[in-house]
Amino acid sequence: MLLRVEDLQVAFGATQVISGVDLAVAAGETLAIVGESGSGKSVTSLAVMGLLGAKGVRIAGRAEFDGQPLDLTRPGGTAKLRGDQIAMIFQEPMTSLNPAFRIGDQIAEAVLCHRSVSEVEAKGRALDIMRKVGISAPERRMRQYPHELSGGMRQRVMIAMALVNEPQLLIADEPTTALDVTIQAQILDLISRLQRDRGMAVVFITHDLGVVAQVAHRVAVMYAGRIAETGSVAQVFDDPQHPYTIGLLGSIPSLTGPRTRLTTVPGSVPSPAEMPQGCRFSTRCPFAQPKCAQQPLLREIAAGHRAACHFAPLELNFGAAA
Amino acid sequence: MLNLFLRRVLVAIPTILLISVFVFALQKLLPGDPVLAMAGEERDPVALAAIREQLGLNDPLPVQYFRWLAGALQGDLGTSLRTGQPVTQLIVQKLPVTLQLGVMALLIALVIGIPAGIISAVRKGTVTDYAANMVALSGMSIPNFWLGIMLIMLVSVRWQLLPASGYVPPTQDFVQSMRTMIMPAFVLGTGLAGALMRHTRSSMLGVLKQDYVRTARAKGVPERRVVLKHAFRNALTPIVTLTALLFGELIAGAVLTEQIFTIPGFGKLVVDAVFTRDYAVVQGVVMVTAVGFILMNLVADMLYILLNPRLRSA
């Protein structure tokens, strides 16, 4: 495994937002982390990047990157890897580039921070990577400022910046959410292609299940700061075992079959301050039983397929109800 | 970009003309008769009428205004009613003194205010932050005259370290010039330093929350560089604009400081002129100050454009 995170805990002051999250990504693999807003997927990725530097944040857990222990508990712990071996792209390409500096300089800076090369060499590498991520007329773009570029182009610049040092792991936090659908597809293709070419691992954070099916090998479904279900894309999509996953999948419209009303998961994610005891999904779960007042463990159902529900596998426990 | 500059300059012209009308009208509205002030003990109506006629004061007001404006445009702001010296000459003599005071005060304010603002933004909510805010608030609330008098009492009278008053041009004796000017510049600069600190702090706090600062950290840029380059470069725009505007106020504030330290500058010139009803001087000084203020505004606008890539390409 390239990255292994065990029992990650994140608290903002007295509020626990991430509880006991385990993650593992192998080289060349894409892990999708899926969940609603507030499920803790972004916080998890920022914790791995060491970018939760604000005051009052407490992080605990064990982590390992490329065989070396990784200290996530303090912001400096990941400093050397950040931007070098682990890179990240963000949701908002419009605001993620510094408006005061030229594109080329911003990409070259990532090189200069980690490699002892001349500025000319760094600019050369910036130009190379810009070409590889499909930025047209890169020589001209290098000298432009972010406001002169479209959103899709800016996200390409962000990807170029992230990949210029050839990282082993790319964390992409909703990289296509802010883009038009056609641009979305292009950016997804680009990430997949670059991943294949370089054997890079990708952690893809999204709330869009369509995107997951398109890009990921494995998926982890997060709910209220915990992992609800994890497994290969085939396992989770074809045979979902957690009622929350089932609810999420039910909310995707289908083009074939009879037209039915879209199902939604009733209610919304409980706020960290009023988290239910035991299973956190129990307040919204159609199968909830008294037993759900106890915290369910993430149990293995099939090889690599685990779900945190007392009643998984649901077919056995509920028969036709599931 | 040149286009934008040009437009700003063109907008400034009617503003200056409007101010000139105000300044001229104000002088006409002020109580007291300059002719009486000029004539001294002379109360002979015939002599007074002669002076009036000689000064062109019997002409209609618009004629007087345009005569004054035409002179002013050629650099002739009239003659002092008290000393008979050309007003322009008086201003040229006194302005550099005040500019030296202003520039030194500004430098002191920048050197204290900006680093203090950055540090307190980065250490928001810590003891350092509270301490810096307290000092800034005191700097802004302590009246200049009080601080000036206290410093004179302590530094000049008790410790005898620096001269309490006077002025030496830097071209004549640089060290002595700095010695006489440092205390008034400090007094004048403290208020500005406080304001600058507060603005730098809030500007930095806003910028540090931006996504691109997180991007810089994600790239692995060292924290020091994240703050000083990525954040500060963006926080700078409003600070620079504000500084240019505050510099105008600084010069206005110099009036009081110059009185306390008896510095023969612009401020002292205008105060003396007001007390002796030397209207030509008052008018000239107010006009020059107003034009200076507008120029600083213009500088602020242009710096804003220069610092902002989005406007630069427009």
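None of these values were measured; they are calculated from a predicted model.

Reading guide: rules and limits
Residues numbered from 1 in each chain as written. Chains lettered and ligands numbered in written order. Predicted model: local features only at pLDDT ≥ 70, side-chain atom pairs only at ≥ 80, totals over all residues. Pairing = 2+ DSSP bridges. Helix = DSSP H or I, 4+ residues; strand = E, 2+ residues; numbered from the N terminus. Axes fitted to C-alpha atoms, helices over the stretch in contact; angles between N-to-C directions. Contact = placed C-beta atoms within 7 Å. Nonpolar A, V, L, I, M, F, W, Y, C, P; charged D, E, K, R; others polar. Domains from an automatic or database assignment. Expected span 1.5 Å × (residues − 1). Buried ≥ 20, exposed ≤ 12 C-beta atoms within 10 Å, placed from the backbone. Parallel < 35°, antiparallel > 145°, perpendicular 65-115°, else oblique. Left-handed = near helix turned anticlockwise from the far one by under 90°. pLDDT = per-residue confidence, 0-100.

Side note on the sheet that holds strand E2 (residues 15–25) of chain A
Residue and element names in this part refer to chain A.
Then comes step 1: As summarised here, the arrangement of the four strands in space is E2-E1-E4-E5, forming an open sheet in which the pairing is antiparallel. The open sheet has two edge strands with one neighbour each: E2 and strand E5 (68–70). Taken over all neighbouring pairs, the strand axes of this sheet differ in orientation by 5° on average, direction set aside.
Then comes step 2: Where strand E1 (residues 3–12) and strand E4 (residues 57–65) come together, eight bridges link them in antiparallel fashion. Within the sheet, the bridge partner assigned to Val-10 lies in E4 and is Ile-59.

Examining the environment of Leu90(B)
Then comes step 1: When you line up the elements, Leu90(B) lands in helix H5 (residues 87–122).
Then comes step 2: Residues in contact with Leu90(B), not counting those within four places in the same chain, are Ser80(B), Gln85(B), Leu269(B) and Val281(B).

Thoughts on the interface of chain B and chain A
Then comes step 1: Counting from both sides, the interface comprises 17 residues of chain B and, opposite them, 23 residues of chain A.
Then comes step 2: Broken down by secondary-structure element, the contributors of at least two residues to the side of chain B that touches chain A are helix H9 (211–219), helix H10 (223–260) and helix H13 (309–312) of chain B.
Then comes step 3: It is H9(B) that provides the largest number of residues to the side of chain B that touches chain A, a total of eight residues.
Then comes step 4: Grouping the constituent residues of the side of chain B that touches chain A by class yields five nonpolar, six polar and six charged.

Remarks on the domain arrangement of chain A
Residue and element names in this part refer to chain A.
Then comes step 1: Considered domain by domain, chain A is made up of domain 1 (3–216) and domain 2 (222–253 + 262–321).
Then comes step 2: Taking only C-alpha atoms into account, the centre of domain 1 sits 29 Å from that of domain 2.
Then comes step 3: Opposite the 21 residues of domain 1 that make contact, domain 2 presents 14 residues.
Then comes step 4: If one sorts the elements of the side of domain 1 that touches domain 2 by residue count, E2 sits on top with eight residues.
Then comes step 5: Looking at the side of domain 1 that touches domain 2 residue by residue, the classes come out as nine nonpolar, nine polar and three charged.

Section: helix H12 (residues 279–307) of chain B
Then comes step 1: Helix length check: H12(B), at 29 residues, gives a terminal C-alpha distance of 41 Å against a target of 42 Å (1.5 Å per residue), a fit within 8%.
Then comes step 2: Every buried residue belonging to H12(B) is among Tyr279(B), Ala280(B), Val281(B), Val282(B), Gln283(B), Gly284(B), Val285(B), Met287(B), Thr289(B), Ala300(B) and Asp301(B), and all of these are buried.

Notes on unusual backbone geometry
Then comes step 1: For Ala137(A), which is not glycine, the phi dihedral falls at a positive 45°.
Then comes step 2: Tracing the backbone shows Ala137(A) in the loop between helix H4 (119–132) and helix H5 (138–142).
Then comes step 3: Owing to 10 C-beta atoms within 10 Å, Ala137(A) belongs among the exposed residues under this scheme.
Then comes step 4: Phi is positive for Gln160(B), which is not a glycine, with a value near 55°.
Then comes step 5: Along the chain, Gln160(B) falls in the loop between helix H7 (144–158) and helix H8 (174–208).

Details of the packing of helix H6 (residues 151–163) of chain A against helix H7 (residues 181–198) of chain A
Residue and element names in this part refer to chain A.
Then comes step 1: Where H6 contacts H7, the axes come no closer than 10 Å and their chain directions differ by 15°. With respect to H7, the element H6 is oriented roughly parallel. Judged by the sense of rotation from one axis to the other, the crossing of H6 with H7 is right-handed. Residues Gly-152, Gln-155, Ile-159 and Leu-163 of H6 pack against Ile-183, Gln-186, Ile-187, Leu-190 and Leu-194 of H7.
Then comes step 2: Partitioning the contact of H6 with H7 into residue classes produces six nonpolar, three polar and no charged.

Some details on the packing of helix H1 (residues 2–29) of chain B against H12(B)
Residues and elements named next belong to chain B.
Then comes step 1: Their axes nearest at 10 Å, the elements H1 and H12 cross at an angle of 160°. The angle between H1 and H12 falls in the class roughly antiparallel. For the element pair H1 and H12, the recorded crossing hand is right-handed. Listed contacts from H12 to Leu-4, Phe-5, Arg-8, Val-9, Ala-12, Thr-15, Ile-16, Ile-19, Ser-20, Val-23 and Gln-27 of H1 are Tyr-279, Val-282, Gln-283, Val-286, Met-287, Ala-290, Val-291, Ile-294, Leu-298, Asp-301, Met-302 and Ile-305.
Then comes step 2: Partitioning the contact of H1 with H12 into residue classes produces 17 nonpolar, four polar and two charged.

Examining the confidence of the model for chain A
Then comes step 1: Residues at a pLDDT of 70 or more form 94% of chain A, whose mean pLDDT is 88.
Then comes step 2: No element of chain A has a lower mean pLDDT than helix H11 (residues 314–318) of chain A, which averages 69, and none a higher one than helix H3 (residues 103–114) of chain A, which averages 95.

What about the sheet that holds strand E8 (residues 201–206) of chain A?
Residue and element names in this part refer to chain A.
Then comes step 1: Pairing in this open sheet of eight strands is mixed, and the strands run E6-E7-E8-E3-E9-E10-E12-E11 from one edge to the other. Each edge of the open sheet is held by one strand with a lone partner, namely strand E6 (86–89) and strand E11 (299–302). When the angles between neighbouring strand axes are averaged without regard to direction, this sheet yields 20°.
Then comes step 2: Bridge count between strand E3 (residues 30–34) and E8: five bridges; the pairing is parallel. Looking at the pairing, Val-34 lines up with Thr-206 of E8.
Then comes step 3: Helix-sheet contacts for H6 involve E6 and strand E7 (169–173), and the interaxial angle to E6 is about 170°.

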